[in-house]
Amino acid sequence: MEKRVGQCQALPALRCPAVLPLVDFTFQQWKSKSNETKRREILCDLALLLGAAAGAQGQVSDECGARQLSQLYRHANSFFLLLQTFSWEVRPPHTSQTTPAQVPAGLGEMVFVTPLSHSQAGHWEPSCSPHSMEQTHISSMFLTYRQLVQGKLRFFFHDLATVSCKQGQGDSRDPPCGAQ
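None of the values given here were measured: they were computed from a predicted structure.

Conventions we followed
- Residues numbered from 1 in each chain as written.
- Predicted model: local features only at pLDDT ≥ 70, side-chain atom pairs only at ≥ 80, totals over all residues.
- Heavy atoms only, no water.
- Core = buried A, V, L, I, M, F, W, Y, C linked by side-chain atoms within 4.5 Å.
- Buried < 20%, exposed > 50% of the residue type's maximum accessible area, 1.4 Å probe, protein only.
- Helix = DSSP H or I, 4+ residues; strand = E, 2+ residues; numbered from the N terminus.
- Contact = heavy atoms within 4.5 Å.
- Phe/Tyr/Trp six-rings, centres within 6.5 Å; stacked < 30°, edge-to-face > 60°.
- Salt bridge = Lys/Arg side-chain N within 4 Å of Asp/Glu carboxyl O.

## Points about the nonpolar core
Move 1: Ranked by size, the top nonpolar core spans 27 residues in total, and within it Ile-42, Leu-46, Leu-69, Leu-72, Leu-83 and Met-141 carry the most contacts.
Move 2: At eight residues, helix H3 (residues 35-57) tops the list of elements feeding residues into this core.
Move 3: Not counting residues up to four positions away in its chain, the partners in contact with Leu-83 are Arg-39, Ile-42, Leu-43, Leu-46, Leu-153, Phe-156 and Phe-157.

Pasting the structure below:
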């Protein structure tokens, strides 16, 4: 997306600055947070990015730029809805049990297992104030999205996969973690 927006005609600076999340982090700080804290932090970042993209769409008359902003909004919104609508309960591997189970010692945090319906999820209202910055360059939104996807989201899903994989190791029917 970043490359494609760069191919659009020179996009003017935004008349009203967009408020973008600061998505940088240190790996040590990230590892010390629970998965639920990470999820909430990413939701806050995505909510701010979605607001910025929606606000910028009304300020961009160039068709190419508007199309790229629309795509950015859709992609960010997909991650937002995914993280917003998943429950966080742990189930033992290979059971159809519907009640939460204890996490075996040393296996980390809870992992998501079941999507909630929209009626169960309700409307998420950010109760957070992420670190942010004001930007007038549209390209900054695409950079922020890329940094968020390649940073926090990537590590978040990696952490969940690691926990899920460790939980599945008790059954010999499962391939070892990392096996294809």
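## Section: the packing of aromatic side chains
Move 1: Inspection of every chain in the model, using the stated rule, returns four aromatic pairs.
Move 2: Ring centres of Phe-25 and Trp-30 lie 5.1 Å apart, and the angle between their planes is 40°; this geometry places the pair in the tilted category.
Move 3: Geometrically, the ring pair formed by Phe-156 and Phe-157 is edge-to-face, given 5.4 Å between the ring centres and 65° between the ring planes.
Move 4: Residue classification places Phe-157 among the partly exposed residues on the basis of a relative accessible area of 25%.

## Quick look at the pattern of salt bridges
When their charged atoms lie close together, side chains carrying opposite charge are able to pair.
Move 1: Inspection of every chain in the model, using the stated rule, returns eight salt bridges.
Move 2: Note that Arg-39 is salt-bridged to Glu-36, the shortest N-O span being 2.8 Å. You can see Arg-39 and its partner Glu-36 sitting in helix H3, three residues apart, about one turn around the helix.
Move 3: In this structure Arg-39 comes out as buried when scored by relative accessible area, which is 9%.
Move 4: Taking the relative accessible area as the measure of exposure, Glu-36 reaches 23% and is therefore partly exposed.
Move 5: Where Glu-63 meets Arg-67, a salt bridge forms, and the shortest distance between an N and an O atom there is 3.3 Å. Here Glu-63 and its partner Arg-67 are both found in helix H4 (residues 63-84), four residues apart, which amounts to about one turn of the helix.

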